[in-house]
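Structural overview for review
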Amino acid sequence: MTMQPTGSHRESEASTEQLKDDLRHLSQTVEELVKATADDSRGHITEARERAQQRLSETRAKLEARGEKFYESARDQMDCCDRYVRDNPWTSIGIGAGVGVVIGLLIGRR
């Protein structure tokens, strides 16, 4: 039985790939800035610095947006778990006890 990735999982992978691309572009721009600085030509330095600042601002904004999205998702998952425990207290106690026994057995084997 193979599990198909959920929409959220696919969205997370796409988001990770986008973040990698953003960081790659940012590092390329910083490399350009370093190369332009070595040139000692003032026009190149200013242009490269502006591009680096723009990409840095864009990447920072995207990271903050993804952080907010991650926080919202985590909060929604915690709320869902809380509702499940409140709706099914005995099942939750049983699951907790089972997990505790398994962890105890694993620790005891050391």
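Keep in mind it's a predicted model, so treat the numbers as computed, not measured.

The next subject is the UniProt feature "transmembrane region" (unreviewed entry) in the protein. Look at the UniProt record and you will see "transmembrane region" (unreviewed entry) annotated at residues 90-108. In residues 90-108, the share of helix is 100% and the share of strand is 0%. The end C-alpha atoms are 27 Å apart.

Turning to a nonpolar patch on the surface, a few remarks are in order. A cluster of nonpolar side chains, namely Tyr84, Val85, Ile95, Val99, Ile103 and Ile107, defines an oily patch on the protein surface of about 530 Å² accessible area. Counting only elements with at least two residues in the nonpolar patch, the list comes to helix 2 (42-87) and helix 3 (89-108). Relative to the assigned elements, Ile95 resides in helix 3. Given the relative accessible area of 48%, Ile95 is considered partly exposed.

UniProt records the feature "domain: DUF883" (unreviewed entry) at residues 17-64 and 82-110, using the numbering of this structure. In residues 82-110, the share of helix is 90% and the share of strand is 0%. The end C-alpha atoms are 33 Å apart.

Looking now at the pattern of salt bridges. One pass over the structure, following the stated rule, counts two salt bridges. Among the ionic pairs, Arg75 bridges to Glu72, the shortest N-O distance being 2.7 Å. You can see Arg75 and its partner Glu72 sitting in helix 2, three residues apart, about one turn around the helix. Judged by its relative accessible area of 33%, Arg75 is partly exposed. The exposure class of Glu72 is partly exposed, given its relative accessible area of 33%. Asp82 is paired through a salt bridge with Arg86; the nearest N and O atoms lie 3.0 Å apart. Taken together, the residues Asp82 and Arg86, both in helix 2 and four residues apart, mark about one turn of the helix. Exposure remark for Arg86: the relative accessible area of 63% places this residue in the exposed category.

Moving on to the confidence of the model for the protein. Per-residue pLDDT for the protein has a mean of 79; in total, 86% of the residues score no lower than 70. Within the protein, helix 1 (residues 7-39) has the poorest average pLDDT of any element, 72, and helix 3 the best, 92.

The terminal C-alpha atoms of helix 2, which comprises 46 residues, lie 67 Å apart, in line with the 68 Å expected from a rise of 1.5 Å per residue. Those residues of helix 2 that sit buried are Ile45, Ala48, Ala52, Thr59 and Arg66.

On the secondary structure map, Thr59 appears in helix 2. Judged by relative accessible area, which is 6%, Thr59 ranks as buried. Through-space distance from the C-alpha of Thr59 to that of His25 is 9.2 Å; in sequence the pair is 34 residues apart.

Procedures and definitions
Residues numbered from 1 in each chain as written. Predicted model: local features only at pLDDT ≥ 70, side-chain atom pairs only at ≥ 80, totals over all residues. Heavy atoms only, no water. UniProt positions renumbered as here; feature names shortened; annotations may be inferred. Helix = DSSP H or I, 4+ residues; strand = E, 2+ residues; numbered from the N terminus. Patch = residues over 30% accessible without salt bridge, like charges linked within 9 Å, V, L, I, M, F, W, Y side chains within 5 Å. Areas by Shrake-Rupley, 256 points an atom, 1.4 Å probe, with all protein chains shown as cover. Salt bridge = Lys/Arg side-chain N within 4 Å of Asp/Glu carboxyl O. Buried < 20%, exposed > 50% of the residue type's maximum accessible area, 1.4 Å probe, protein only. pLDDT = per-residue confidence, 0-100. Expected span 1.5 Å × (residues − 1).

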